Amino acid sequence: MTPEKPFGLIIEDDPDLSNIFSEAVHAAGFETEFVLNGRAALERLHGVTPNLVILDLHLPEVSGKDILEYIRSEPRFEKTIVVIATADAIMGESLRDDADFVLIKPITFAQLRDMSARLKPVA
Amino acid sequence: MRERLIRFSNLLLDVSAADPDDARRRKLLNVILIGTGSLNFLVLITLLSISIIGRQSVLDGNAWAGAIGLLLGIFLFAWGNRRPSLPGWAVSGTFLVFLLILFMFVDTPEQMAGGRSLFVFTIPIIMASLLLYPAASFIFAGLSALEIWYLAEKAGALYNTFAAIGFFLVALVSWLSARNREQALREVRAINKELDQRVVERTRELSEALRRESEQSSQRQAILQGIADGVMVFDTQGKVILTNPALIRLLELPLDKILNRNLAEVLQSTKISDEERDLILRSVGYNQATLAPIRVKWGVRTLSIISAPVRDQKGRAIGHVAVMRDFTREAEVEQMKNAFVAMVSHELRTPLNAILGYSEMLRDGFYGAVNEKQSNAADRILSNSSRLLNIVSDLLDQARIEAGKLKFDYKLFHTSDLTDNLHSVMDKLARDKGLELTSRIDANMPEQIIGDSHRLQQVLVNLVNNAVKFTDKGTVDVHIYKVNERHWGFDVTDTGQGIAPDDQKHIFDPFRQLEGTVTRSHGGIGLGLAIVKRLVELMGGQIFLKSVVGQGSTFTIILPFEPPRQEEKEGEK
């Protein structure tokens, strides 16, 4: 049985960016999925335990900050790496301690791909 | 009592006359008349008393008549002397002639011709020079000489030539002395007149100056009352000595809470925070001008305050003045502008990021093979959207700095993070231009320092980006070193075109790039260096530029070593 690919969840309300981020994480060897709003993201997180979460902060309905809090509060996500991807440098910086990494937009395809590759759990 | 006496004697002696010489002579005549009249009266009373007591008259009938006649004559002259309608000289002249006639009877003609009482003639001669005019003494010398000739003839005695010569000699002496006196008097009068004239002129000048002064002062008062800016003028003791209605309106304080109080007392208000009160007290002070207006919140208002020393003509500070402007509207507009810029920049980033991502994926063949031209086109899209993004980022930073919203996150980090990050971001850009990007960290530089590594990297990348932009060949070198125990710094040196001295002073202004073709060929909106300077200053540092046209430029940043923050100290435990 081939080992399962690691799973990356992209939470980003802009469809184009979700697409690009998904492609980048996918290119790094992850199974990917994306959700476009905060509530959908929380619902999806009830069902899966991603290895990597790319998290935008300004999201409709439920904010990225709340999602981060939820992830950090659940022991199930202990090994989940959260990368914040935001254009809001101030808020991004303020969450630097809670997230594993903070990327300030613009984020290039190669940047996210290479970073995800480094974050891939060793099989 | 004494005053009454003086007033009475003045009433008795003074004779009013328009001409000062006339008045003086009339007064003198008056004195003589009163003197001789009183003497005559006393003698008469005495003789009368003796006669009554002794029951035998000491004088014969003619003598009594003469004495009483003299007294009446004196009264008559005194009366005439006081009448302005009668010319003074006529009264005096008549009086002197009267004296001469009287002298005929004071002694027997024989005795008189013999010389016994000749001295009495000197009296009218001297008086004439004083009462009429100086040369009049000669007339009375002549008349006296005639009189003694007549008396000698009458008595059949020998004419006393020596006496006549003596009369003329006396006349000469009194003429000379009277003339001198009159001359001196005339001079004094001329001087007095000139002095009076001067007093009149000076008085006019003074009243003119006073009028001008009050005119200017009311103009100043009107300006002070009329302007919309609040004004406080302090004396050397720091007390408010002058203010205006606008200030009362701005501070919403009654006049008595401002006037005659020092600044700290005026600022005893709940409308202002302690921090801002301290800022005002630090910035508005004696003998110093605020370089840039300070801005504080006062209740619902935002006030902009400047201050300057007030100096006298010799340049000595004699107090200071503070001017407060209602900046509420401007502050709101500024706030809105900054919020707008921040919002727009933020909103622009997302679509730009998408453009950036797709063009990158296209170029790198993620969606299938592309030919060289397609790859080039994707590359152009990529680099142009990068540029656009940088502009947006700069605008956002500038807006944040202006809004004072920029926060610094001081943490311990590896000094080498700075150069590592720099190379990862800038190497490609430098290589693409055929430049070499080198960096070194001095051995004496601590391995780890405290600072906001993100902002420091922003400063470094901005400077290197700038250096790469303006250098066509050669190297861009970054050198990080320890300046002294309290400071560290870094140099960014390029081998570019250099900056002319005139342009160096404007290089850190926002929205300004050097004039000329450079601007067009390098793009950007000229915020980079302004942001760098602001960031460096906000971190307590300074930026310096050394540049020679044609040889290159060196930007030097000097920053303080930050002491460990509280939480880090705790973390070390």
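Residues numbered from 1 in each chain as written. Chains lettered and ligands numbered in written order. Predicted model: local features only at pLDDT ≥ 70, side-chain atom pairs only at ≥ 80, totals over all residues.

Asks: Break down the overall build of chain B for me, citing the residues and quoting the values.
Replies: Counting its secondary structure elements, chain B contains 19 helices and twelve strands. Sequence separation of 24 or more characterises 60% of the internal contacts of chain B that already satisfy a separation of 6 or more. (Helix = DSSP H or I, 4+ residues; strand = E, 2+ residues; numbered from the N terminus. Contact = placed C-beta atoms within 7 Å.)

Asks: A description of the overall build of chain A should follow, citing residues and the corresponding values.
Replies: Helix and strand counts for chain A come out as five helices and five strands. Shown N-terminal to C-terminal, the secondary structure of chain A runs as helices and strands in the order β-α-β-α-β-α-β-α-β-α. Relative to its full complement of 123 residues, chain A shows a buried share of 43%. Put simply, of all contacts in chain A between residues at least 6 apart along the chain, 60% involve residues at least 24 apart. (Buried ≥ 20, exposed ≤ 12 C-beta atoms within 10 Å, placed from the backbone.)

Asks: I'd like a description of the nonpolar core, backed by residues and values.
Replies: Formed by 36 residues in total, the largest nonpolar core has its most connected members in I11(A), F21(A), V25(A), I54(A), L55(A) and V83(A). Look past the residues within four positions of I11(A) in its chain and what remains in contact with it is V35(A), A41(A), V53(A), I54(A), L55(A), D56(A), L59(A), G64(A) and I67(A). (Core = buried A, V, L, I, M, F, W, Y, C linked by C-beta atoms within 7 Å.)

Asks: Go over the sheet that holds strand β3 (residues 52-55) of chain A with me, naming the residues and quoting the values.
Replies: Residue and element names in this part refer to chain A. Spatially, the five strands line up as an open sheet ordered β2-β1-β3-β4-β5, and their pairing is parallel. Looking at strand neighbours, the two that pair on one side only are β2 (31-35) and β5 (101-104), the edges of this open sheet. Neighbour-to-neighbour, the strand axes of the sheet open up by a mean angle of 15 degrees, direction not taken into account. One ladder, built from four bridges, connects strand β1 (residues 7-11) with β3; its direction is parallel. When the bridges of β3 are listed, L9 appears paired with V53. (Pairing = 2+ DSSP bridges. Axes fitted to C-alpha atoms, helices over the stretch in contact; angles between N-to-C directions.)

Asks: Account for the interface of chain A and chain B, with residues named and values stated.
Replies: Of the residues lining the interface, 15 residues belong to chain A; the matching set on chain B comes to 16 residues. Breaking the side of chain A that touches chain B down by element, the ones donating at least two residues are α1 (15-27), α4 (89-94) and α5 (109-119) of chain A. Sorting elements by how many residues they give to the side of chain A that touches chain B places α1(A) first, with four residues. Each residue belonging to the side of chain A that touches chain B can be placed in one class, and the counts come to eight nonpolar, one polar and six charged. (Nonpolar A, V, L, I, M, F, W, Y, C, P; charged D, E, K, R; others polar.)

Asks: I'd love a proper account of the sheet that holds strand β3 (residues 294-298) of chain B, names of residues and values included.
Replies: All names here are of chain B. Taken together, the five strands give an open sheet; going across it, the order is β2-β1-β5-β4-β3, and neighbouring strands pair in antiparallel fashion. The open sheet terminates on both sides in strands that have one partner only, identified here as β2 (240-243) and β3. Strand-to-strand twist in this sheet, taken as the mean axis angle between neighbours without regard to direction, amounts to 30 degrees. Looking at chain direction, β3 and strand β4 (residues 301-311) are connected through five bridges and run antiparallel. Its bridge partner being in β4, V296 is matched across the sheet by L303.

Asks: How would you summarise the pairing of strand β4 (residues 81-86) of chain A if you had to cite specific residues and measurements?
Replies: Looking down a regular strand, the side chains alternate between one sheet face and the other. Residues and elements named next belong to chain A. Taking burial as the measure, the six residues of β4 include six buried ones, the bulk of the element. Neither face of β4 is open: one carries I81, V83 and A85, the other V82, I84 and T86, and all of them are buried. Pairing analysis gives four bridges linking β3 to β4, with the strands arranged parallel. Bridge pairing in β4 places I54 opposite V83. For the crossover from β3 across helix α3 (residues 64-73) to β4, the handedness is right-handed. Relative to β5, β4 runs parallel, the two being bridged by four bridges. Along β5, the bridge assignment pairs I84 with V102. You can see the chain leave β4, run along α4 and come back into β5, and the turn it takes is right-handed. (Right-handed = clockwise from strand over helix to strand, strands pointing away.)

Asks: Give a detailed account of the environment of L224(B), specifying residues and quantitative values.
Replies: Residue and element names in this part refer to chain B. As for its placement among the helices and strands, L224 is situated in helix α8 (residues 161-226). On the neighbour-count criterion, L224 (17 C-beta atoms within 10 Å) is partly exposed. Taking the C-alpha atoms as reference points, L224 and L242, 18 residues apart in sequence, are found 9.6 Å from one another.

Asks: Would you mind going over helix α3 (residues 61-81) of chain B in detail, with residue names and values included?
Replies: Residues and elements named next belong to chain B. End to end, α3 covers 30 Å across 21 residues, agreeing with the expected 30 Å (1.5 Å per residue, within 8%). Within the span of α3, buried status applies to G73, I74, F77 and N81. In a view along the axis of α3, the buried residues occupy a sector of 100 degrees, so they form one face of it. Pointing more than 90 degrees away from the buried face of α3 are the exposed residues G61, A65, I68, G69, L72, F75 and W79. Elements that come into contact with the buried residues of α3 comprise α2 (20-54) and α4 (88-103). (Expected span 1.5 Å × (residues − 1). Arc of directions from axis to C-beta.)

Asks: An account of unusual backbone geometry is requested, with residue identities and associated values reported.
Replies: K105(A) connects to P106(A) through a cis peptide bond whose omega is 10 degrees. Its place among the elements puts P106(A) in the loop between β5 and α5. Phi at E252(B) is positive, roughly 55 degrees, even though this residue is not glycine. Its identity as a non-glycine residue notwithstanding, N260(B) has a phi of 65 degrees, on the positive side. Along the chain, N260(B) falls in the loop between α9 (245-251) and α10 (263-266).

Asks: Tell me about α8(B), residues and numbers included.
Replies: The terminal C-alpha atoms of α8(B) lie 96 Å apart, and with 66 residues this matches the ideal 98 Å at 1.5 Å per residue to within 8%. Its buried side turned inward, α8(B) meets α6 (122-131) and α7 (136-155) of chain B.

Asks: Which residues make up the pairing of strand β1 (residues 230-234) of chain B, and what are the values?
Replies: All names here are of chain B. Across the two faces of β1 the burial differs, with G230, M232 and F234 buried and V231 and V233 not buried at all. Here five bridges tie β1 to strand β5 (residues 317-326), and the two strands are oriented antiparallel to one another. Paired with M232 across the bridge in β5 is A322. Here three bridges tie β1 to β2, and the two strands are oriented antiparallel to one another. The residue bridging F234 from the neighbouring strand is V240, located in β2. Hairpin connection of β1 to β2: five residues between the antiparallel strands, including G238 at a positive phi of 85 degrees.

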